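Okay, here's what each chain looks like letter by letter:
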Amino acid sequence: MILGISGSPRNRATEHVLTRALEMLRESGFETELFTVRGKNIGFCRHCDYCLKNKTCAIRDDMYELYPLLKNARGLIFATPVYNGGVSAQTKAVMDRCRALVAADFDFFRGKVGMAIAVGGDRIGGQEAAIYQIITFYILNGIVPVGGGSFGANLGATFWSRDTLEDVQKDEEGFRSLRKTVRRFASILRDFEEVSARRAAQR
């Protein structure tokens, strides 16, 4: 299953482009799931170290809806609006709250594949900086980060929304970067599946 996580508190541009990405993956034969922070109660990590001792998070909120989805996902897509040149507070809260999963199982995320989407209101509004934050989360947790490759989608999919859904829908370059990234993401996921199948057959 491919899990898309929308880090936008609004049902607008970010959720729209993530939904399109998941549609592309379904057309390629993947099962997908969408989780949005919109309307959810997700508190920030307090670094209380409760999870280190008890192997679960002390904050009982809507992250407990997301935790099993993260466990079952083979691939992750974090999609964030750009806030002050980086990821949204909601996206960061989700990433930080994953500390409890790694406290319970250090290899929880190991071998999963991840891609990133960033939507900015300005043409150069921090999209790459936001993607770097997502990629850093992937690297720290053993998730294999995937960009779209050279010539248009180096680190992932980036969009210029001008703060409207209508304008993000018209962003042809943004959707070109999305298609490139999704294709590469799907290809690497399949490569990982083949390797896993070969290893299982050798046991």
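Residues numbered from 1 in each chain as written. Predicted model: local features only at pLDDT ≥ 70, side-chain atom pairs only at ≥ 80, totals over all residues. Heavy atoms only, no water.

## What to know about empty space enclosed by the protein
- A full pass over the atoms with the stated rule returns one cavity of 30 Å³ or more.
- Its volume calculated, the largest cavity comes out at about 120 Å³.
- If you trace the largest cavity, you find 14 residues lining it, with C45, R46, C48, C51 and C57 closest to the centre.
- Counting only elements with at least two residues in the lining of the largest cavity, the list comes to α2 (50–54), α4 (89–97) and α5 (99–104).
- Of the residues belonging to the lining of the largest cavity, the class tally is eight nonpolar, one polar and five charged. (1 Å grid on protein atoms, 1.4 Å probe; cavity = no way out; pocket = protein on both sides within 12 Å on 5 of 7 lines; lining within 4 Å. Points joined across faces, edges and corners; volume = space filled by probe spheres on them. Helix = DSSP H or I, 4+ residues; strand = E, 2+ residues; numbered from the N terminus. Nonpolar A, V, L, I, M, F, W, Y, C, P; charged D, E, K, R; others polar.)

## Quick look at the nonpolar core
- L3, L66, L70 and F109 are the most contacted members of the largest nonpolar core, which has 38 residues in total.
- If you list the elements that add at least two residues to this core, you get β1 (2–6), α3 (63–72), β3 (75–81), α4, α5, β4 (113–120) and α6 (127–140).
- Take this core: its biggest share by element is six residues, from α6.
- Residue contacts for L66: discarding those within four places in its chain leaves L3, I5, F35 and V94.
- Core analysis: the second largest hydrophobic core is formed by 25 residues, L22, F30, V182 and L189 among them. (Core = buried A, V, L, I, M, F, W, Y, C linked by side-chain atoms within 4.5 Å. Buried < 20%, exposed > 50% of the residue type's maximum accessible area, 1.4 Å probe, protein only. Contact = heavy atoms within 4.5 Å.)

This is a description of form; function is not addressed.
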